[in-house]
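Spelled out, the chains give:
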Amino acid sequence: MKPVQDAPRTAISMTPEIPKQDQGLAMVMNLASIPLPYIAPIAGAVLGKKSPYVKFHSYRMLIEQVLGSILAGILIACSLAYSLWKLKNDGVLDSTGLHTEKIDWIGIIVKSVLTWILFALWGLWNTFNSLKDAMEAGRGYVPSKPRWSERLAMKWSGLTNG
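A. A look at the packing of helix α3 (residues 52-89) against helix α4 (residues 105-139). Two elements in contact, α3 and α4, have axes separated by 13 Å at closest approach and are oriented at 175°. With respect to α4, the element α3 is oriented roughly antiparallel. Contacts from Y53, H57, R60, E64, G68, A72, I76, S79, Y82 and S83 of α3 reach α4 at K111, T115, F119, W122, N129, D133, E136 and A137. Per-class residue counts for the contact of α3 with α4 are seven nonpolar, six polar and five charged.

B. Structural detail: the pattern of salt bridges. If you walk through the whole model with that rule in mind, you get seven salt bridges. A salt bridge links R147 to E150, with the nearest nitrogen and oxygen atoms 3.6 Å apart. Linked through salt bridges whose partners overlap, the residues forming this network are R60, E64, K132, D133, E136, R147 and E150.

C. Structural detail: the packing of aromatic side chains. Summed over the entire model, instances satisfying the criterion amount to four aromatic pairs. For the ring pair Y59 and W156, a centre distance of 6.1 Å and an interplane angle of 80° mean the geometry is edge-to-face. Taken together, the residues Y59 in helix α3 and W156 in helix α5 (residues 148-157) connect sequence positions 97 residues apart. Aromatic side chains W122 and W125 sit 5.9 Å apart centroid to centroid with 35° between the ring planes, which places their arrangement in the tilted category. Here W125 and W122 lie together in helix α4, a separation of three residues that amounts to about one turn.

D. How the structure looks around helix α2 (residues 39-47). When α2 is considered as a whole, its buried residues turn out to be A40, P41, G44 and A45. Around the axis of α2, the buried residues are gathered within 135° of arc, so they sit on the same side. Residues of α2 that are exposed and point over 90 degrees away from its buried face: I39, V46 and L47. Contact partners of the buried residues in α2: α1 (20-32) and α3.

Conventions adopted
Residues numbered from 1 in each chain as written. Predicted model: local features only at pLDDT ≥ 70, side-chain atom pairs only at ≥ 80, totals over all residues. Heavy atoms only, no water. Axes fitted to C-alpha atoms, helices over the stretch in contact; angles between N-to-C directions. Helix = DSSP H or I, 4+ residues; strand = E, 2+ residues; numbered from the N terminus. Parallel < 35°, antiparallel > 145°, perpendicular 65-115°, else oblique. Contact = heavy atoms within 4.5 Å. Nonpolar A, V, L, I, M, F, W, Y, C, P; charged D, E, K, R; others polar. Salt bridge = Lys/Arg side-chain N within 4 Å of Asp/Glu carboxyl O. Phe/Tyr/Trp six-rings, centres within 6.5 Å; stacked < 30°, edge-to-face > 60°. Buried < 20%, exposed > 50% of the residue type's maximum accessible area, 1.4 Å probe, protein only. Arc of directions from axis to C-beta.

Read these as geometric descriptors, not functional statements.
Shown next as C-alpha cells:
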C-alpha cells in the first residue's frame, strides 16, 4: 500500500493507489451529473461496483442530490403556501368566491423572479461544485476532512480507514 499521490493528506492514512480507470470513471460521472443529476451517480454505482473510489463518488453525489431535491421541494412548498396565504389575506380567495381584481400582480411577479433567480444561483453552484468534484476525482483525491455526506458515502462504499 502506498499513499495517494498528488492529493493532500487524506482521512485514509494509507490507501491503495487508485487506478487511472477508476479516477477517469469518477471524473466522467461527476461531469455527467450536471445534466443527469440522478442517472449519472446511479450509473456510476453500477459501472464502478468493484471500485470503492467510484462508489464513493457515486454515493456522495446521490446523497447530495437527494438532499438538494428535498430542500428545493420544501422551498417550493413554502413559497406556494405563502402565495395561497397572501391571496387569502388580500381577499382574493374568500367564501364568496375568487376576486381576481384584488390580485397583487407586481408582488407575484417579483416573488416569482426572485424564486427563479435563487434556483438559477443554486444551479450554478451545483455546476461549479460538480466541476470541482470532477477535477478532484480525476486526481484521485480523497477528502482529508470529509463532510457528513462524504463520511456516509465512504462508509457505504467501503472506502474506510485501515
